[in-house]
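So you can see what is in the structure, the chains are spelled out below.
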Amino acid sequence: MGDEPVNVKEYQILARQALPKMYYDYFAGGSEDQHTLRENVAAFQRITFTLLSYEYAILQHAINSLRPRILVDVSKIDMSTTILGYKTSAPIMIAPTAMHKLAHPEGEVLTAKAAAACDVIMGLSFSSTCTIEEVASSCDAVRFFQLYVYKRREISALMVKRAEANRFKAILLTVDTPKLGRREADKKNKMIAPQLKNFEGLVSTKVDDSDGSNLEAFAARSLDPSLSWKDIAWLKSITKLPVLIKGVLTREDDVIYILNLSLCFLVAVKAMEVGVEGIIVSNHGARQLDYVPATINALEEVVLAVQGRVPVHFDGGIRRGTDVFKALALGAQAVLVGRPVVFGLAAKGEYGARRVIEMLKDELELTMALSGCPTLNDITRNHVRTQSDNRHCRINYLVAGSIFNFNDDNDNLMIFMCTYPFVRIVDAAQKCIVLDLNTVGRPVVFGLAAKGEYGARRVIEMLKDELELTMALSGCPTLNDITRNHVRTQSDNRHCRM
Ligand SMILES: Cc1cc2nc3c(=O)[nH]c(=O)nc-3n(C[C@H](O)[C@H](O)[C@H](O)COP(=O)(O)O)c2cc1C
Ligand SMILES: CCCCC(=O)C(=O)O
């Protein structure tokens, strides 16, 4: 067992050794410069955990508040949850990825068995190499069916009917692929798309006349680039299954919204209007438009826009249990995992796909234990620190590490240490007071440093006086009179420029 991988990433190395270059490149690759492909993974590495520090423990103790997370009983960790009402052992699903027979001769049937063994939900790709019926009869995994809308709508409609008849529980409508992204490795390799059995007798998926990627040629011929919101109504009219929209790149009114606030808002509002049952934040594993943001950087915006009205799921770049935890902390209800499962399948068949899921589950369990979260509900936004949190806090770092001395009212020397986000004040008797900078703010601390209690008090008094004057001068006798219309922000200015 010398080659037994100890983490998910090692399966990629084995898969590379196991697969012909054309297939490995197809599975591993992204589009164009593969910038987003790298970013999907790298962005996770820039998110850190905010485990409670020693200072915080003292502070919490001092104010007789909650027990710090480091002293939580984590002898039992419960990762189980429900997704669309279906019980699952962990908030991890298998993402729909195409053509598993290119990874292993038995294809998606083995992936489904791995899902069943791990008690997680399996997403089956519209472009699978095993049929819908073969996968359904192979095991009792809860299955969702991913849908592409073809120009020939009747083919898509037929697949939905077959999925329904075979007890698939939801439709994942992929909305980020009006055309296939430019996968340059596939072009060079002249990637050959095999005949997909689901479409036998309906449409030939084996295109022979392309100069480059046959898959690209087939996609150009079959995918409907006119797909728009009204088609979700069409889909809802032909199925009773819940519909989740997968991918947040869409085309609407000749404006391309790419993972920005407009889109998030659009998605949230439109999703309500058309009645979808969930959203999957996804950039298709960075295989569509290159240079869109890493999905983990877009997740929170979507979550905030959706405001809990439908569940938000997430995929892209999950390679560790810590990644799963981070996505949950930023508001995802569950994550989907794409390439790692295919690499597991390519390297070691059903066992490999199963091990990939098991390793992610094990790592998530350990992460929950080490961060004091016995259940998924214990995972909160406060557990992670993102790059944008850091930007907001940069100014605080300026005072990090500074040490001030001052004399208190009784002329005792006080030592004042700033280790963001806490300030420790140590008096002559070595008594230590810990203040949270986020709560008391720097001005108060500077006042304290300069003139002890009097200085801290004056800072507050001056702010109050200034606020009183400002309210008077802007005609606001009470706090309730202060409205959003009283101020203009940079972003208001930007919106008006247009
Ligand atoms: C080889 C491959 C094939 C894919 N095929 C499909 C597909 O048929 N339908 C779809 O909606 N998404 C497809 N995806 C996107 C995945 O569902 C998912 O969004 C992505 O793989 C997540 O990123 P990850 O691979 O970093 O986990 C594919 C991704 C890969 C890597
Ligand atoms: C038209 C089949 C596309 C499969 C797919 O979604 C992918 O390769 O990313």
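Within an unreviewed UniProt entry, the label attached to the chain reads (S)-2-hydroxy-acid oxidase, and the organism entered is Artemisia annua. The UniProt entry for the chain carries the following comment under Subcellular location (unreviewed entry): "Peroxisome". Under the UniProt heading Cofactor (unreviewed entry), the note attached to the chain is "FMN".

A separate point is unusual backbone geometry. For Glu32, which is not glycine, the phi dihedral falls at a positive 45 degrees. With respect to the element layout, Glu32 can be found in the loop between helix 2 (21–28) and helix 3 (35–45). The phi dihedral of Ala286 is positive, around 60 degrees, even though this residue is not glycine. Examined against the element boundaries, Ala286 turns out to sit in the loop between strand 11 (278–281) and helix 12 (295–306).

Turning to its location among the elements, Ala185 is positioned in helix 8 (residues 184–189). Look at Ala185 and you get partly exposed, because its relative accessible area is 32%. Sequence spacing of Ala185 and Ser31 is 154 residues, and the spatial spacing of their C-alpha atoms is 8.6 Å.

Spatial strand order, 4-5-6-7-8-11-12-13: eight strands in a closed barrel with parallel pairing. Here the strands of the sheet are splayed against their neighbours by 30 degrees on average, with no regard to which way each runs. Relative to strand 13 (residues 334–337), strand 4 (residues 92–94) runs parallel, the two being bridged by three bridges. Residue Ile94 lies in a different strand from strand 13, and its bridge partner there is Val337. Where helix 5 (residues 108–118) meets the sheet, it contacts strand 4 and strand 5 (121–124), and its direction lies at approximately 160 degrees from that of strand 5. Most of the contacts of helix 12 go to strand 12 (residues 312–315), to which it runs at about 175 degrees, and overall it touches strand 11 and strand 12.

In this section: the site of ligand 1. What surrounds ligand 1 is a group of 22 residues, the closest being Pro96, Ser125, Thr174, Asp315 and Arg319. Gln146 is positioned such that a nitrogen or oxygen atom in its side chain is 2.9 Å from a nitrogen atom of ligand 1. Separating an oxygen atom of ligand 1 from a side-chain N or O atom of Arg319 is a distance of 2.9 Å. Partitioned by chemical class, the residues of the shell around ligand 1 number seven nonpolar, 10 polar and five charged.

Definitions and limits used
- Position numbers for residues count from 1 along each chain, tracking the sequence in the order it is written.
- The naming scheme follows written order: chains are lettered A onward, ligands numbered 1 onward.
- Since the coordinates come from a predicted model, pLDDT governs what is reported: local features require at least 70, and pairs of side-chain atoms require 80 or more to be given and counted, while whole-chain, interface and lining totals use all residues.
- With hydrogens and water set aside, each side-chain value is computed from the structure's full complement of heavy atoms.
- UniProt positions are given in the numbering used here, feature names are shortened, and annotations may be inferred rather than shown by experiment.
- A run of H or I in DSSP becomes a helix once it reaches four residues, and a run of E becomes a strand once it reaches two; helices and strands are each numbered from the N terminus.
- Buried residues are those whose accessible area, probed at 1.4 Å on protein chains only, stays under 20% of the maximum for their type, while exposed residues exceed 50% and partly exposed ones sit between those limits.
- The pairing criterion for strands is at least two bridges between them, as found by DSSP.
- Only the stretch in contact is used when fitting a helix axis, every axis being a line fitted to C-alpha atoms; angles between N-to-C directions are given from 0 to 180 degrees.
- The criterion used for residue contact is that any of the two residues' heavy atoms lie within 4.5 Å.
- Here, proximity means that at least one heavy atom of the residue falls within 4 Å of the molecule or strand.
- We define a polar contact as two N or O atoms separated by no more than 3.5 Å, with the added condition that, inside protein, one atom must be a possible hydrogen donor and the other a possible acceptor, whereas residues neighbouring each other in sequence contribute only through side-chain atom pairs.
- Throughout, the ten residues Ala, Val, Leu, Ile, Met, Phe, Trp, Tyr, Cys and Pro are labelled nonpolar, Asp, Glu, Lys and Arg are labelled charged, and all others, Gly among them, are labelled polar.

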